[in-house]
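Letter by letter, the chains look like this.
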Amino acid sequence: AKAIKRIKQKIKIPLVADIHFDWRLALLAIQNGADKIRLNPGNISKADEISAVVKAAKARRMPIRIGVNSGSCGRGADMGRMALNYARLFERMRFYDIVISLKASDVPSTVEAYRFVAGRCDYPLHLGVTAAGAPEDGIIKSAVAAGALLMDGIGDTIRVSLTGSPALEVEAAKKILQAAGSRAFDAEIISC
């Protein structure tokens, strides 16, 4: 969290701090110039700690991603309920600059969670499958989950999580977005 200030001097893209377990790291990340933070409701859950982080983010006009992983709370709609309950805490503090992510390591739970939340809030949804695995398996899981959701009109941003090169994650995400008709990056080549 302390290194964020130095990192920001060397990059020209937004920097998101992914915070787990220690709410004080979120405060440090905010103080050191992160552009957005991610909090996991499964391991940062005390009201006073959440309040301090939200207050600091609100003062900086910084968004917070509520990032629920199935390892923290169960699967499917349980993930969705946890995220929405967390969002309600933020709303009681008059904080609405929220993004929600609901990631499981299996496709059915991931899709169920996003469909559950999409019908119950208007917050942007950050799509992805967590711990998707080795590149080939992870790309397939990510494509099936994100593709199903994008075709339903659900999702505002996407992350492909693979074991290996981050460049492969970006390439896979682009191909998923193009296949779902959400974006066009390359010419479409059709081979019979």
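Provided above is the structure to which this section pertains.
Note that the structure is predicted; figures quoted are calculated from it, not measured. (Residues numbered from 1 in each chain as written. Predicted model: local features only at pLDDT ≥ 70, side-chain atom pairs only at ≥ 80, totals over all residues. Heavy atoms only, no water.)

Some thoughts on the overall build of the chain
Thought 1: A tally of regular secondary structure across the chain gives eight helices and six strands.
Thought 2: The order of α-helices and β-strands along the chain, N terminus first, is α-β-α-β-α-β-α-α-β-α-β-α-β-α.
Thought 3: Against the 2.2 N^0.38 benchmark of 16 Å for 192 residues, the chain shows a C-alpha radius of gyration of 17 Å, consistent with a compact globule.
Thought 4: Along the three orthogonal principal directions, the C-alpha set of the chain runs to about 60 × 40 × 25 Å.
Thought 5: Taken over 192 residues, the chain has a buried fraction of 44%. (Helix = DSSP H or I, 4+ residues; strand = E, 2+ residues; numbered from the N terminus. Rg over C-alpha atoms; globule rule 2.2 N^0.38 Å. Buried < 20%, exposed > 50% of the residue type's maximum accessible area, 1.4 Å probe, protein only.)

Quick notes on the packing of helix α6 (residues 107-118) against helix α7 (residues 135-151)
The packing of two helices is summarised by the inter-axis angle and the distance between the axes.
Thought 1: Where α6 meets α7, the axes come as close as 9 Å, and the angle between the chain directions of the two elements is 25 degrees. In terms of axis orientation, α6 runs roughly parallel to α7. Remark: the crossing between α6 and α7 carries right-handed chirality. In contact with Val107, Thr110, Val111, Tyr114 and Arg115 of α6, α7 contributes Lys141, Val144, Ala145, Ala148 and Leu149.
Thought 2: Here the residues of the contact of α6 with α7 sort into seven nonpolar, one polar and two charged. (Axes fitted to C-alpha atoms, helices over the stretch in contact; angles between N-to-C directions. Parallel < 35°, antiparallel > 145°, perpendicular 65-115°, else oblique. Left-handed = near helix turned anticlockwise from the far one by under 90°. Contact = heavy atoms within 4.5 Å. Nonpolar A, V, L, I, M, F, W, Y, C, P; charged D, E, K, R; others polar.)

Observations concerning unusual backbone geometry
Thought 1: Of note, the phi angle at Phe21 is positive, near 70 degrees, even though the residue is not glycine.
Thought 2: Here Phe21 shows up in the loop between β1 (16-19) and α2 (23-31).
Thought 3: Not every positive phi belongs to a glycine, and Arg94 is a case in point at roughly 60 degrees.
Thought 4: With respect to the element layout, Arg94 can be found in the loop between α5 (77-92) and β4 (98-103).
Thought 5: Of the residues examined, Arg94 reaches a relative accessible area of 62% and is grouped as exposed.

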